[in-house]
Amino acid sequence: MMSSKNPEQLIIIGNGMVGHHLVEQLVDNGALERYQVTVFGEERHRAYDRVHLSEYFSGRDADSLALCEADYYATSGVELRTGEAVIEIDRSAHEVVTDQGRYPYDRIVLATGSFPFVPPIPGNDREGCLVYRTLDDLDAIQAAAENATNGVVVGGGLLGLEAANALRGLNLDTAVVEFASRLMPMQVDNEGGELLREKIEALGVQVLTERATQRIEDGDNSHHRMVFQDDKVLETDLIVFSAGIRPRDQLARECDLEIGERGGVVVDDQCRTSDPAILAIGEVALWNQSIFGLVAPGYQMAKAALATLTDGDTRFGGADMSTKLKLLGVDVGSIGDAHGNQNPGARMFRYLDPLTQVYRKMVVSSDGKKLLGAMLVGDNSAYDTLLQYYANGIELPDEPASLILPQSSGAAPTLGPGALPETATICSCHNVTKGDICATIDDGAVDLGGVKDVTKASTGCGGCTALLKSVVDHELEARGVEVDKSICEHFAFTRQELYDIVRVEGIKTFSELIGKHGNDETHRLGCDICKPAVASILASCFNEPITDAAHVPLQDTNDTFMANMQKNGTYSVVPRVAGGEITPDKLIVLGEVAKKYGLYSKVTGGQRIDLFGARLEDLPDIWGELIEAGFETGHAYGKSLRTVKSCVGSTWCRYGVQDSVGMAIQLENRYKGLRSPHKIKFGVSGCTRECAEAQSKDIGIIATENGWNLYVCGNGGMRPRHAELFATDLDDEQLYRTIDRFLMFYVRTADRLQRTSVWRENLDGGLDYLKEVILEDSLGINDELERQMQTVVDTYQCEWADAISDPEKLKRFRSFVNDDRPDPSIIMTSERGQLRPA
Amino acid sequence: MTTTAMKKEMDTMAWQKVCTKVDLVEFSGVAAWLETADGPAQVAIFYLPGQGNELFALDHHDPFSNANVIARGIVGDLKGAAVVASPIYKQHFRLEDGQCLEDEDVKLRTWKIEFKGDEVWVEG
């Protein structure tokens, strides 16, 4: 029985996230030599990512949500039986029973998870009353939404708000009905709940609290009418119940395993149920009277179960339920004893800013030294620092309030890597502590890549990348290791150092720079790393046209041809539309040009129009017509200022307090053509409603009654980051000066291809340092920064206007030097009335 | 290979003029249309004045993106070998023999190329 020829039969019931994690653990740890594993999944899909379920409505399908490749189970040697529900565990026969057969077992792991609780309301089983838990549930919601204009979610907790987001994604007028007096009653208090309500209502979701639904009946105008305790009613076409979860413990109940009073299969530290042959993990398991409704504790249970099955030592010892969430785009964070009701004598610190809609609360021990819990609504930027204080028991600073006060009010201490204890968890996905990282370095790892290879840190969700890098750099430096920061094999300098060399020595060409400062006399061509970087530096400093003969071989193809190369070798053309303001006449010209040259047209996120599919040889003619009509280049191809997005502002909007469009045009015209380490985007909003999404930009400006608030270092894209408030109530002149300095300082000091957000995260001293430099001139360089920017502003010229007036520059814009035919391999087809690559 | 076959190949490989020096871009590339015995070919021509070998001709076609764009890549040297980086997915190809540095199974075709006075001639 124990020989490898006759492995033990291990049956895993449930193929959710936790069940799947257990399979991965078994596979990775060689447990398949001992066990023959069979997994039963009731759903037809293999395990998928339930945490990101709402993305199913924003384009992700079952396959992209799946946690593994389709052949993972087969190639790993695990039998996965999807669409086969277990209906009985026959403990006396040691068999698991499904509707398709009986399967003998030696060990069982129950990973059946939970089901959504549907309150016992008359009418809760009407057609169109649904739940939100599985992909099939989502398909049902989607189908029902086709005949619906509005929908209601019953339950205002975490899952309820997720479901509300899904309904919004289906374009339904959405309402949330919550029994308690506030949203997310488990995570936030009254103040936080009120703020959350405001923010969610501002998104157009109706929030009804203290509503107990009495019955659901036929509606007059909609499919259903919900009747509440005070006989008020709400009509709706679709109802989704999301009022909490209950452990799916039916199988365990029926085979007489010990069950908790309020449900859940009782397990010990080894995840063993009252029958040691049967284990339970995840949301079905009740440990120490608690059900853990998050995925991370489920994964920890899976690891403990693995240890139990393979005679290892890992035990489950409870889990921290701290969470950082973004619900309907609103940050909510909860750490430890967030309500402060588990620690008698604890003191509360609260900060509430109704203007920016931010609420932060700390629960601190009675001696003021330890953080016991925290609550964040509207802004999670303090979460990581607070969590480190909490999880590691780090002594709080003398003025604990500084941790939650806005950073403009003075010292906002962030925990440097040196302050973290050895036990601090850096990567929670792979459970890597600072001590593990130090040990890896002591064992010979000499760089970030080496540490990642050994520890796997930051190879999971990637959320700890910046923290990991700072810890590794700090530890390497502490050991006297010089970190090689050379830009490439041609220069033993960083981008910043090259920038300084160029400025100080007044070097104006790449060949002079590599001649004087290159590594190797025989390698003088440079490469696709250093050449564009130096081209950018030269342009930032001297602003000579990038298509000049000395500079053009340095440029990436997009800069060379001043257009964006697409996958079939054609280009897209984006003229500047400053602030997104465009006259009807110019719109007509864009349409005419697109038609004439067969260009696919699309409105961009930066409020301008992108014309795709332009052939290389057509670019000069296209630009000739655009320039004739008053357009200029939009630098969409460059690492440079892209767009200044704006809302319509006080000119039209009844809420606007300043002319945001006017300011956006001023700013775009001021900084257009500035070459920088990476692209730069601005946003200007005319009031705090922030319709221009300025806080997701490198430079964000929000109008106030008294002027402008300036935000810096935001980012959208792959790793979104909210911009941080940098200065308040600036007048126009102050605003220009501050941005001049800020941008030039960024141009001077950032790495190549480093957006402002990453630059900011790597800046020693953080935002405070940046404020000292830019606002207080602590380095005494502000005059110079302003002068430099003024030079760039004064020397601006449209690169396309320059190029089409110079036959020498235009000679590159030919399909072939010896033949006028266009590239015959570019083939277009028609779709939705436009051309696209075939 | 028989003598006849060898002779035939020599007949079909003819030197042809494609352009003149002013059509080239220093330290960068241009594309040319070439009629060869094997059919038409798009050729990327790179010009590195002052280097030992000044002219290079290789496929304009990028096998990774299937677009004809190699002439529009950045020229450089890596470990001493002159290369061009594809402007689409950035793989490097050695100018000398077309070898891709990232994938040893991929190699661009190359053609013999030289100046005759100010004229640029390619054998193909």
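Rules and cut-offs
Residues numbered from 1 in each chain as written. Chains lettered and ligands numbered in written order. Predicted model: local features only at pLDDT ≥ 70, side-chain atom pairs only at ≥ 80, totals over all residues. Helix = DSSP H or I, 4+ residues; strand = E, 2+ residues; numbered from the N terminus. Buried ≥ 20, exposed ≤ 12 C-beta atoms within 10 Å, placed from the backbone. Contact = placed C-beta atoms within 7 Å. Pairing = 2+ DSSP bridges. Arc of directions from axis to C-beta. pLDDT = per-residue confidence, 0-100. Axes fitted to C-alpha atoms, helices over the stretch in contact; angles between N-to-C directions. Parallel < 35°, antiparallel > 145°, perpendicular 65-115°, else oblique. Left-handed = near helix turned anticlockwise from the far one by under 90°. Nonpolar A, V, L, I, M, F, W, Y, C, P; charged D, E, K, R; others polar.

- Per an unreviewed UniProt entry, chain B goes by Nitrite reductase small subunit NirD and derives from Vreelandella salicampi.

**Quick notes on the overall build of chain B**
- The helix and strand tally for chain B stands at one helix and 11 strands.
- When the helices and strands of chain B are placed in sequence order, the string is α-β-β-β-β-β-β-β-β-β-β-β.
- Each of the 124 residues in chain B was classed as buried or not, and the buried ones make up 40%.
- Here the contacts in chain B between residues at least 6 apart in sequence split such that 40% fall between residues at least 24 apart.

**Notes on the overall build of chain A**
- Looking only at helices and strands, chain A has 25 helices and 38 strands in total.
- Counting the 838 residues in chain A, one finds 45% classified as buried.
- When contacts within chain A are restricted to residue pairs at least 6 apart in sequence, those whose partners lie at least 24 apart make up 61%.

**Some points on the pairing of strand β13 (residues 213-218) of chain A**
Residue and element names in this part refer to chain A.
- Here β13 runs beside strand β14 (residues 224-228); their pairing, made up of five bridges, is antiparallel. Counterpart to Glu217 in the pairing with β14 is Arg225.
- The hairpin turn running from β13 into β14, its antiparallel successor, is five residues long.

**Thoughts on helix α10 (residues 434-442) of chain A**
Residue and element names in this part refer to chain A.
- The set of residues buried in α10 consists of Lys434, Asp436, Ile437, Thr440 and Ile441. Along the long axis of α10, the arc covered by the buried residues comes to 160 degrees, so they all point the same way.
- Looking one or two residues past α10, Gly444 carries a phi angle of roughly 120 degrees, positive in sign.

**Thoughts on the environment of Ala550 of chain A**
Residue and element names in this part refer to chain A.
- When you line up the elements, Ala550 lands in the loop between α15 (530-542) and α16 (557-560).
- Judged by the 16 C-beta atoms lying within 10 Å of it, Ala550 falls in the partly exposed class.
- When the C-alpha positions of Ala550 and Lys508 are compared, they lie 9.3 Å apart, and in sequence the two are 42 residues distant.

**A closer look at the sheet that holds strand β30 (residues 600-603) of chain A**
- Pairing in this open sheet of four strands is antiparallel, and the strands run β28-β29-β31-β30 (chain A) from one edge to the other. Of all the strands in the sheet, the pair left with one neighbour each is β28 (564-565) and β30 of chain A.

**Concerning the confidence of the model for chain A**
- For chain A, per-residue confidence averages 90 on the pLDDT scale, and 97% of positions sit at 70 or higher.
- This stretch, residues 408-413 of chain A, has a pLDDT under 50; its non-local contacts, to residues over four places away or in other chains, come to 11 contacts.

**Considering unusual backbone geometry**
Residues and elements named next belong to chain A.
- The backbone of Gln289 shows a phi angle near 70 degrees, a positive value even though the residue is not glycine.
- Looking at the secondary structure, you find Gln289 in the loop between β20 (285-287) and α8 (295-309).
- Here Gln289 falls in the exposed class, since 10 other C-beta atoms lie within 10 Å of it.
- In the Ramachandran plot, Arg832 falls in the positive-phi region, its phi being about 50 degrees despite a non-glycine side chain.
- Note on placement: Arg832 falls in the loop between β37 (828-831) and β38 (834-837).
- The exposure class of Arg832 is exposed, given the 6 C-beta atoms found within 10 Å.

**Focus: the packing of helix α13 (residues 495-505) of chain A against α15 of chain A**
Residue and element names in this part refer to chain A.
- Across the interface, α13 lies against α15 with an axial gap of 10 Å and an inter-helix angle of 45 degrees. Taken together, the axis directions place α13 and α15 in an arrangement best described as oblique. The two elements α13 and α15 meet at a crossing, and its hand is right-handed. For the pair α13 and α15, contact is made by Arg495, Leu498, Tyr499, Val502 and Arg503 and by Ala533, Val534, Ile537, Leu538 and Cys541, respectively.
- Per-class residue counts for the contact of α13 with α15 are eight nonpolar, no polar and two charged.

**Quick notes on the interface of chain A and chain B**
- In this complex, chain A contributes 26 residues to the contact, which on the side of chain B involves 28 residues.
- The residue inventory of the side of chain A that touches chain B, partitioned by class, reads seven nonpolar, 10 polar and nine charged.

**Looking at the confidence of the model for chain B**
Residues and elements named next belong to chain B.
- Mean pLDDT over chain B: 88, with 90% of residues reaching 70 or higher.
- In this model residues 1-10 is a low-confidence stretch, pLDDT under 50, and it forms one contact with partners more than four residues away in sequence or in other chains.
- For this predicted complex, the interface confidence comes out at an ipTM of 0.89, alongside a pTM of 0.55.

**As for the sheet that holds strand β6 (residues 101-104) of chain A**
Residues and elements named next belong to chain A.
- Ordered in space as β4-β5-β6, the three strands form an open sheet in which the pairing is antiparallel. This sheet does not close on itself; its edge strands, each paired only once, are β4 (86-90) and β6. The mean angle between the axes of side-by-side strands here comes to 25 degrees, regardless of whether they run parallel or antiparallel.
- Bridge count for β4 against strand β5 (residues 95-98) is four bridges, and the pairing is antiparallel. Considered in β5, the bridge of Glu88 is made with Val97.

**Describing the packing of α10 of chain A against helix α11 (residues 448-455) of chain A**
All names here are of chain A.
- Where α10 contacts α11, the axes come no closer than 10 Å and their chain directions differ by 115 degrees. Of the possible angle classes, the one that applies to α10 and α11 is roughly perpendicular. Every pair of crossing elements has a handedness; the one defined by α10 and α11 is right-handed. For the pair formed by α10 and α11, the contact residues are Asp436, Ile437, Thr440 and Ile441 on the first element and Val451, Val454 and Thr455 on the second.
- Residues of the contact of α10 with α11, tallied by class, amount to four nonpolar, two polar and one charged.

**Let's talk about the environment of Val96 of chain A**
All names here are of chain A.
- By the secondary structure assignment, Val96 is in strand β5.
- Val96 sits in the buried class, given 22 other C-beta atoms within 10 Å.
- Distance from Val96 to Ile13, taken between C-alpha atoms, is 9.3 Å for residues 83 residues apart in sequence.
- Discounting chain neighbours no more than four positions away, the residues touching Val96 are Ile11, Val86, Ile89, Tyr103, Tyr105 and Ile108.

**Considering α13 of chain A**
All names here are of chain A.
- Taken together, the buried positions of α13 are Arg495, Leu498, Tyr499 and Val502. The arc that holds every buried residue of α13, seen down its axis, measures 105 degrees, which confines them to one face. Exposed residues lying more than 90 degrees from the buried face of α13 are Val504 and Glu505.
- Taken together, the buried residues of α13 touch α14 (510-517), α15 and α20 (732-749).
- One or two residues past the end of α13 sits Gly506, with phi positive at roughly 60 degrees.

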